[in-house]
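# A closer look at the structure
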Amino acid sequence: MKTDNEIQKDVMDELKWEPLLSVAEIGVAVKQGVVTLSGTVDSYSKKEEAESAAKRVSGVKAVAEDIEVKPFATSVKNDTEIARMTADSLKWHSAVQEEKIKVKVEDAWITLEGEVDWEYQKDAIKTTVKNLTGVKGISNLISVKPSITAKDIKQKISLAFNRSATVDASKIDIEIKGNKAILTGKVRSWAEKTDAENATWKAHGITSIENKLAIDSEVYAY
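Now for a quick tour of the structure. (Residues numbered from 1 in each chain as written. Predicted model: local features only at pLDDT ≥ 70, side-chain atom pairs only at ≥ 80, totals over all residues. Heavy atoms only, no water.)

Where strand 4 (residues 101-106) and strand 5 (residues 109-116) come together, six bridges link them in antiparallel fashion. Residue pairing for strand 5: V105 is matched across the bridge by I110. Here strand 4 hands over to strand 5 after two residues, with D107 in that stretch at a positive phi of 55°. (Pairing = 2+ DSSP bridges. Helix = DSSP H or I, 4+ residues; strand = E, 2+ residues; numbered from the N terminus.)

Next comes the structure, spelled out in structure tokens:
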């Protein structure tokens, strides 16, 4: 099992590996496997990328993210400009029905509301707007409207796990309650836990996930 110092080093190395990030901008502290990220970056996409990088590191149990976004003076946009850019981005996105999405911008923070048919559409909308100049944060309140019953969802998720090269389906239990999927069992890393959750989100009709997968790097030890 990794020590906190080892996890800290690995997280910092993972941050260095990302070309978008500068380690000088981000502080890393670790206590009992919980990583706290701090510092200041000039874009929301960097903030999100730092969090994703930390979660990929083996041994990380959770990530507390205290990074502040402060755009360069030349990148600062007022709320009207950000709202217009957001609307334009959604308009030209092939996976988005922009008429179903409502956008609110306050102090450079975007709030997204509305309904979509699939979880990937919700994620695609956030991805589309997170790189816009001047954005400090995003609240993705878009809901996934269920369009099928939960009868075959468990089977489809299980098949998705079996197809995956990174997820051991034999160690994961799936429970479906309405349109909610509950994952329990053990995985080898945060990355496997995330991959299992991402695969579950792709199941048509799933609107929420309770990811109870425990990270146990020694479960596969011989």
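The rest of the description comes next.
For the rest of this paragraph, the subject is the nonpolar core. Counting residues in hydrophobic clusters, the biggest one holds 18 residues, and the most contacted among them are V11, L15, I26, V35 and L37. If you list the elements that add at least two residues to this core, you get helix 1 (4-17), strand 1 (26-31), strand 2 (34-41), helix 2 (44-55) and strand 3 (62-69). Among all residues touching V35, those that are not within four sequence positions of it are I7, V11, V28, A29, V30, V60, A62, V63 and A64. (Core = buried A, V, L, I, M, F, W, Y, C linked by side-chain atoms within 4.5 Å. Buried < 20%, exposed > 50% of the residue type's maximum accessible area, 1.4 Å probe, protein only. Contact = heavy atoms within 4.5 Å.)

Before going further, it helps to examine the pairing of strand 8 (residues 172-177). Here strand 8 pairs with strand 9 (residues 180-187) via six bridges, running antiparallel. Along strand 9, the bridge assignment pairs I174 with L183. The loop that links strand 8 with its antiparallel partner strand 9 comprises two residues; one of these, G178, has a positive phi angle of about 65°.

So, on to helix 1. A rise of 1.5 Å per residue sets the reference length of helix 1, with its 14 residues, at 20 Å; its end C-alpha atoms lie 20 Å apart and thus fit the reference within 8%. Buried residues along helix 1 sit in contact with strand 1, strand 2 and helix 2. (Expected span 1.5 Å × (residues − 1).)

Once that is clear, we can look at helix 2. Its 12 residues give helix 2 an end-to-end C-alpha distance of 17 Å, which sits within 8% of 16 Å, the value for a rise of 1.5 Å per residue. Listed as buried for helix 2 are Y44, S45, K46, K47, E48, A50, A53 and A54. Among the structural elements, helix 1, strand 1, strand 2, strand 3, helix 4 (119-130) and strand 6 (137-140) are those in contact with the buried residues of helix 2.

So, about the side chain of N140. Here N140 lies in strand 6. Within the structure, the side chain of N140 is placed 3.2 Å from the backbone oxygen of K122, a separation counted as a polar contact. (Polar contact = N/O pair within 3.5 Å; in protein donor to acceptor, adjacent residues only side chain to side chain.)

A word on the environment of E119. With respect to the helices and strands, E119 occurs in helix 4. For the pair formed by E119 and K202, sequence separation is 83 residues and the distance between their alpha carbons is 6.4 Å.

Here we come to unusual backbone geometry. You will see that D107, though not glycine, has its phi angle at about 55°, which is positive. Within the secondary structure, D107 is located in the loop between strand 4 and strand 5. Take D107: its relative accessible area is 61%, and that puts it in the exposed class. The backbone of A108 shows a phi angle near 70°, a positive value even though the residue is not glycine. Tracing the backbone shows A108 in the loop between strand 4 and strand 5.

Moving on, we get to the sheet that holds strand 1. A sheet is described by the order of its strands in space; here three strands give the open sequence 1-2-3, paired in mixed fashion. Of all strands in the sheet, those bounded by a partner on one side alone are strand 1 and strand 3. Between one strand axis and the next, the sheet turns by 10° as a mean value, whatever way the strands run. Here helix 1 sits on the sheet and contacts strand 1 and strand 2; the angle it forms with strand 1, its principal contact strand, is near 155°. (Axes fitted to C-alpha atoms, helices over the stretch in contact; angles between N-to-C directions.)

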